[in-house]
Amino acid sequence: MIEAVKVEREGARPHGTYLDKRGLKSWLFTLDHKRIGLMYMAISILFFLVGGLFALIFRTELMFPGKQFLSPYAHNVLFTLHGAILIFMVIIPFIPAGFGNFFLPIMIGARDVAFPRLNLMSVWLFAIGGLLLLFSLLFGPIDTGWTFYTPYSANKGLNVFIVSLSVFILGMSSILTGLNFIVTVHKLRAPGMTWGRLPLFVWALYATSIVQVIATPVLGITLLLLGLENLFNIGFFDPRLGGDPVLFQHLFWFYSHPAVYLMILPAFGVVSDVISVHSRKHIFGYWFIAASSIAIAFIGFIVWGHHMFTAGMSPTADILFSFLTYFVAVPTAVKIFNWVATMYKGKIRFTAPMLYIIAFLIIFLVGGLTGLFLASLGTDIHLHDTYFVVAHFHYTMVGAAIFAIFAAAFHWLPKMFGRMYDERLAKIGWFFNFTGFMLTFAPQFILGMYGMPRRYWDYPAEFQPLHFVSTLGSYMIAIGVLLSLYVIFKAIKSGEKAPDNPWGGLSLEWQVPSPPPTENFVEEPVVQHGPYDFGKKGGH
Amino acid sequence: MLLLFSFLPERASKYALDVDTVFLVIFWLSFIAFVLVVGAMLAFMFKYRARKGDEEPGEYITHNNLIEITWTVVPAIGIFAIFFLSLNAYKKIKWPEEVALRVNVTARQWGWQAEYPDGKKLITGTLKEEKAITPEDFQPLLYVPAGEPVEVILTSQDVIHSFYVPDFRAKYDAVPGRYTKLWFQATKPGKYPLYCAEYCGDWHSRMPALVVALKPKEWERFQKIDASTFNNSLASMPVDSLLAILRLPDEEFSKFVGEQKKAMAALPLHKRGEMIYQRLCASCHTTDGSKSIGPTFKGLYGKTENLADGSTVKVDENYLRESILDPNAKIVAGFQAVMPPFQGQLSEEEIQALIEFIKTLK
Ligand SMILES: [Cu+2]
Ligand SMILES: [Cu+2]
């Protein structure tokens, strides 16, 4: 056990929690990493609802061929905003900037992140970026797709400029968070918190931060160029002005492939921690999991060309990028095997967070395996830019990231708010989310195999049955998400009081009171064992 | 296995089987991996579930390097096997043996244009309608010989599009300002749908077209038709009518082509202009005085047109010519600058024919 904390529990239990201070100002100007984490999550949830609603609207349009109620432009705007909002405002920031901010310092035994003021600035920039994204709607909502491919996006004007600026600012926020985390992990670990005792969630955040710091500047610069091109017709990307449209794709994917790891690595961290606690077993292969996160982060930088197998690259580049892409598959597979092996000889409890992890494993496995079809040069040429790709990246990014967010939410809710949630309702929500997800996206694989291109406002009648099922599935997800949010907010407002350590976790966050005091620890803790030592002789 | 094949579209090109083979190999390897992993997971979930009231933790097992190295190396081998297998298919997709026919295809917002070495031209128009797409909306873009390698040289007039024929497993982007290419060899005669696969704006989903693979005899005939006869009277025919003509007995076919040629030659210039109008301009311009996407042609010649910048211009031959070749040079008041430039797409004779036609619309 952690001695200092033990003392604290017996005697000097702090009065008061980080939630005590009231009033808007106490939130807007807080330097407390926990409050900053919550603000990130609150903003993201709002945008999540908006982005999700957009998807429901265009899925309804796509239920039948021909025009239902959306013009092609309206449809294109909705899928663009759906993608841009969910990626930049929800999936990328949610786990690292939300849960990460809240738990990373506690997990390593620190009072706060290394640079609390910078942290506050990050969340401010995040909010400003979000507002700017909404503000751009006044200048005609953009319909460029979240990928902004040039030259389609190169001469739209002010609206694309403002969106680029917004993403530029969101990127700055992301870079600052990454920087803060890297320094925090290096400098603020409590005595005894060796690298080998870091929870895997921390390792995952550390790997994510590296990607954030190295890759995001490229996105910022690329979008700045695009914004300037729109204002001044400079000619970076527009061939009529002597620019190169394919250059944009290289620059864009140089960030946006690593970005998929920004979305998925933190989710991996959540899975490692939650699966170990709820199986009541030591994580299997700690170092393989930690090292594979770092490996994925680095290999992820040199595979971006796999988005461009039909875009006009040389065959040499095609072959090289395909080869490297297969490399990423290996560490990812290793992680999945290790998680499943963690359940072996455990004492598995089927709580809501655990159910979300099980769903995660199934969905992510499908997502990963279907990636093999897209990494393969032969098959990608057929499948590229079809619904197969849409299904694949929803399985990897959404299925996995959003399911990990829900797992994390239910797993840590008792700690963050000191309240328990309604287990039964949470499981019903899980059922709707999981079934709805499968119904929505499994048919899209088949659509893609048949050759249905993506981003289509209309399609030949033979594709209709599968689109119909997909839309019904999306309605189920809507029910599941609303129900789950209801469960969460009800718990926060009026849930039963939660004990400090409802799941019997061993990492540091479970050793402090729920909700944690502002300073996290009354005295600096001294760490004497790893976060996963379940069942260790002489230990627990 | 058969079921899976039925989820892939028809296999109608020479390399389609190579692609589908890779697809199936990946599918079955993935399927096995999926069953093993999910099977193990379900088994553990059942066997190691915590009973009620059991507060004990699970067994203390932390790692096993041998097992972990095994399950790093084994998938790595499988994955690289897939890579090499798919490389084989890629080689076939990328490098044709020898090319029998090269066609230039230019994409635009929102349609396609194909140009044959002998000057034959096919253009598909945009379907800006609210009703659902039907099989008739797939207009012919390419007539190619079945059984022979065809290379398509792609480019685009405006934004990036992508030339995609699912039945051939063939796809490549059409990028403005550069040429890209792809090849295919249709294995059997038939009509194969062609889609735009790269998002290109409002009517991205409305660029459907057809690649028609012809039997050797039909192809021979197709080649015999001279370009101007084809462009002026046959290019805009529905596929089935053209196929019927290509299938006529020898004599009747020669007679038909001869007659078409004569009829074309005899046709006054403005009549030829009308045919071009029907093919290329009718989707935006009317001849009855009503307003459409563009201004009507009725009474256009000779009138004084108000331009968007407030100036006026007298409509004469030069203005018409400029409006067709470079429509954005002068924008008509009250209209959007959406007309595609026809620079380089119409011959001098065709432009004159169009102008003559417009002049007849008093
Ligand atoms: Cu990628
Ligand atoms: Cu297109």
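Given the structure is predicted, the values throughout are model-derived calculations rather than measurements.

Asks: Any chance you could explain the overall build of chain A here in plain terms?
Replies: When helices and strands are tallied, chain A shows 15 helices and 0 strands. Taken over C-alpha atoms, the radius of gyration comes to 23 Å for chain A, in line with the 24 Å a tight globule of 540 residues would show. Principal-axis analysis of the C-alpha atoms gives chain A an extent of 75 × 45 × 45 Å. Within chain A, buried positions represent 68% of all 540 residues. Residue pairs in contact within chain A that sit at least 24 positions apart in sequence constitute 83% of those at least 6 positions apart. For chain A, the computed accessible surface area is about 16800 Å², with 72% contributed by carbon and sulfur atoms. Here chain A carries 34 positive and 26 negative side-chain charges, and the mean point of each set is 8 Å from the other.

Asks: Got a minute to help me understand the environment of Pro216 of chain B in this structure?
Replies: Residue and element names in this part refer to chain B. Mapped onto the fold, Pro216 is located in helix α4 (residues 216–224). The exposed category is assigned to Pro216, whose relative accessible area is 62%. Considered as a pair, Pro216 and Ser241 are 25 residues apart in the sequence and their alpha carbons are 18 Å apart.

Asks: Explanation requested: the sheet that holds strand β5 (residues 150–156) of chain B in the structure shown.
Replies: For sheets, the rule is that strands pair by backbone hydrogen bonds, running either parallel or antiparallel. Residues and elements named next belong to chain B. Pairing in this open sheet of 5 strands is mixed, and the strands run β3-β2-β1-β5-β8 from one edge to the other. Here the strands that pair on one side only, and so sit at the sheet edges, are β3 (121–123) and β8 (180–184). Strand-to-strand, the axes of this sheet are offset by a mean angle of 20°, without reference to chain direction. When strand β1 (residues 101–108) meets β5, the two strands line up parallel, connected through 7 bridges. Bridge assignment links Thr106 to a residue of β5, and that residue is Thr155.

Asks: Even after reading the chapter, I still don't get the coordination of the copper ion (ligand 1), so can you show me in this structure?
Replies: All names here are of chain A. Of the protein atoms, only His257 (ND1), His306 (NE2) and His307 (NE2) coordinate the copper ion (ligand 1), at distances of 1.7 to 2.0 Å. Spacing between the donor residues of the copper ion (ligand 1) along their common chain follows H-x48-H-H. Taken as a pair, His257 in helix α8 (residues 245–279) and His307 in the loop between α9 (286–299) and α10 (315–343) lie far apart in primary sequence, 50 residues in all. In this structure His257 comes out as buried when scored by relative accessible area, which is 5%.

Asks: Sorry if this is basic, but what is going on with the packing of helix α3 (residues 33–61) of chain A against helix α15 (residues 464–494) of chain A here?
Replies: The packing of two helices is summarised by the inter-axis angle and the distance between the axes. All names here are of chain A. Interhelical geometry of α3 versus α15 gives an angle of 160° and a closest axis separation of 9 Å. With respect to α15, the axis of α3 lies roughly antiparallel. Crossing angle aside, the handedness with which α3 passes α15 is left-handed. The residues of α15 that touch α3, namely those facing Ile45, Phe48, Leu49, Leu56, Arg59 and Thr60, are His467, Ser470, Thr471, Ser474, Tyr475, Ala478, Val481, Leu482, Leu485 and Phe489. Of the residues belonging to the contact of α3 with α15, the class tally is 10 nonpolar, 5 polar and 1 charged.

Asks: Help me understand the pattern of salt bridges, please; the structure alone is not making it clear to me.
Replies: A side chain of one charge can pair with a side chain of the opposite charge if their charged atoms are brought near each other. Under the defined criterion, the tally for this structure stands at 34 salt bridges over all chains. A salt bridge links Asp54 of chain B to Lys347 of chain A, with the nearest nitrogen and oxygen atoms 3.2 Å apart. Within this pair, whereas Asp54 of chain B is found in the loop between α2 (16–47) and α3 (65–94), its partner Lys347 of chain A is found in the loop between α10 and α11 (352–375), the two belonging to separate chains. Classification of Lys347 of chain A by relative accessible area gives partly exposed; the value is 22%. One salt bridge connects Lys536 of chain A with Asp533 of chain A, and the closest N-O pair in it is separated by 3.9 Å. Assessed through its relative accessible area of 35%, Lys536 of chain A is described here as partly exposed. Sharing partners across several salt bridges, the network here consists of Arg11, Asp20 and Arg169 of chain B.

Asks: Please clarify how the coordination of the copper ion (ligand 2) should be interpreted in this entry.
Replies: For a metal bound by four donors in tetrahedral geometry, the ideal donor-metal-donor angle is 109.5 degrees, whereas six donors in octahedral geometry ideally sit at 90 or 180 degrees. Residues and elements named next belong to chain B. At 2.1 to 2.5 Å from the copper ion (ligand 2) lie its protein donor atoms, namely His161 (ND1), Cys196 (SG), Cys200 (SG) and Met207 (SD). Seen from the copper ion (ligand 2), its 4 donor atoms lie at angles of 100 to 123°, and the figure they make is tetrahedral. When the donors of the copper ion (ligand 2) are listed by position in the chain, the intervening gaps give H-x34-C-x3-C-x6-M. Note that His161 is positioned in strand β6 (residues 161–165) and Met207 in the loop between β9 (190–196) and β10 (209–214), a separation of 46 residues in sequence.

Asks: Would you mind showing me how to read the confidence of the model for chain B here?
Replies: Predicted coordinates in areas of low pLDDT are best not read in detail. Residues and elements named next belong to chain B. Per-residue confidence for chain B gives a mean pLDDT of 89; residues scoring 70 or more make up 98%. When pLDDT is averaged over each helix and strand of chain B, the minimum, 54, is found for helix α1 (residues 2–5) and the maximum, 96, for β6. Two summary scores accompany this predicted model of the complex, namely pTM at 0.88 and ipTM at 0.91.

Asks: Could you clarify how one ought to interpret the side chain of Thr379 of chain A in this entry?
Replies: Residue and element names in this part refer to chain A. Within the secondary structure layout, Thr379 lies in helix α12 (residues 377–383). For Thr379, a relative accessible area of 1% translates into the label buried. Only 2.8 Å separates the side chain of Thr379 from the side chain of Ser376, close enough to count as a polar contact.

Asks: Honestly, the packing of aromatic side chains in this entry has me stumped. Any pointers?
Replies: Any aromatic ring pair is given by two values, namely how distant the centres are and how the planes are angled relative to each other. Residue and element names in this part refer to chain A. In total, this model carries 75 aromatic pairs over all chains according to the counting rule given. Residues Tyr356 and Phe410 carry aromatic rings whose centres are separated by 5.9 Å and whose planes lie at 15° to one another, so their mutual orientation is stacked. Within this pair, whereas Tyr356 is found in helix α11, its partner Phe410 is found in helix α13 (residues 387–417), the two being separated by 54 residues in sequence. Given the relative accessible area of 0%, Tyr356 is considered buried.

Asks: I keep staring at empty space enclosed by the protein and nothing clicks. Help me out?
Replies: One simple way to see leftover space: roll a probe sized like a water molecule over the atoms. Residues and elements named next belong to chain A. Under the defined criterion, the tally for this structure stands at 7 cavities of 30 Å³ or more. Approximately 140 Å³ is the volume attributed to the largest cavity. Of all the secondary-structure elements, those providing two or more residues to the lining of the largest cavity are α4 (72–107), α6 (158–187) and α7 (200–232). For the lining of the largest cavity, the element with the highest residue contribution is α6, accounting for 6 residues. Considering only enclosed or pocket space, the second largest cavity measures out at about 50 Å³ in volume. Along the wall of the second largest cavity there are 12 residues; nearest its centre are Met193, Ser507, Leu508, His529 and Pro531. Looking at the lining of the second largest cavity residue by residue, the class counts come to 8 nonpolar, 3 polar and 1 charged.

Asks: Would you mind showing me how to read the nonpolar core here?
Replies: Note that soluble globular proteins tend to have their nonpolar side chains buried in a common cluster. One finds Phe99 and Phe360 of chain A together with Leu142 and Phe163 of chain B to be the most contacted residues of the largest nonpolar core, which totals 274 residues. With 22 residues, the single largest contributor to this core is α4 of chain A. Built from parts of two domains, this core gets at least three residues from each of domain 1 (1–36 + 65–95) and domain 2 (101–266) of chain B. In this structure, Phe360 of chain A is in contact with Ala267, Phe268, Val271, Trp339, Leu365, Ala400, Phe403 and Ala404 of chain A, ignoring residues within four places of it in sequence. Counting 25 residues, the second-largest nonpolar core is a separate cluster that includes Leu320, Val332, Ile351 and Ile355 of chain B.

Reading the values: the criteria
Residues numbered from 1 in each chain as written. Chains lettered and ligands numbered in written order. Predicted model: local features only at pLDDT ≥ 70, side-chain atom pairs only at ≥ 80, totals over all residues. Heavy atoms only, no water. Helix = DSSP H or I, 4+ residues; strand = E, 2+ residues; numbered from the N terminus. Rg over C-alpha atoms; globule rule 2.2 N^0.38 Å. Buried < 20%, exposed > 50% of the residue type's maximum accessible area, 1.4 Å probe, protein only. Contact = heavy atoms within 4.5 Å. Areas by Shrake-Rupley, 256 points an atom, 1.4 Å probe, with all protein chains shown as cover. Lys, Arg positive; Asp, Glu negative; His and termini not counted. Charge placed at Lys NZ, Arg CZ, Asp CG, Glu CD. Pairing = 2+ DSSP bridges. Axes fitted to C-alpha atoms, helices over the stretch in contact; angles between N-to-C directions. Donors = N, O, S within 2.8 Å, 3.2 Å for Na, K, Ca; no water. Parallel < 35°, antiparallel > 145°, perpendicular 65-115°, else oblique. Left-handed = near helix turned anticlockwise from the far one by under 90°. Nonpolar A, V, L, I, M, F, W, Y, C, P; charged D, E, K, R; others polar. Salt bridge = Lys/Arg side-chain N within 4 Å of Asp/Glu carboxyl O. Tetrahedral: all angles 85-135°; square planar, octahedral: opposite > 155°, others 65-115°. pLDDT = per-residue confidence, 0-100. Polar contact = N/O pair within 3.5 Å; in protein donor to acceptor, adjacent residues only side chain to side chain. Phe/Tyr/Trp six-rings, centres within 6.5 Å; stacked < 30°, edge-to-face > 60°. 1 Å grid on protein atoms, 1.4 Å probe; cavity = no way out; pocket = protein on both sides within 12 Å on 5 of 7 lines; lining within 4 Å. Points joined across faces, edges and corners; volume = space filled by probe spheres on them. Core = buried A, V, L, I, M, F, W, Y, C linked by side-chain atoms within 4.5 Å. Domains from an automatic or database assignment.

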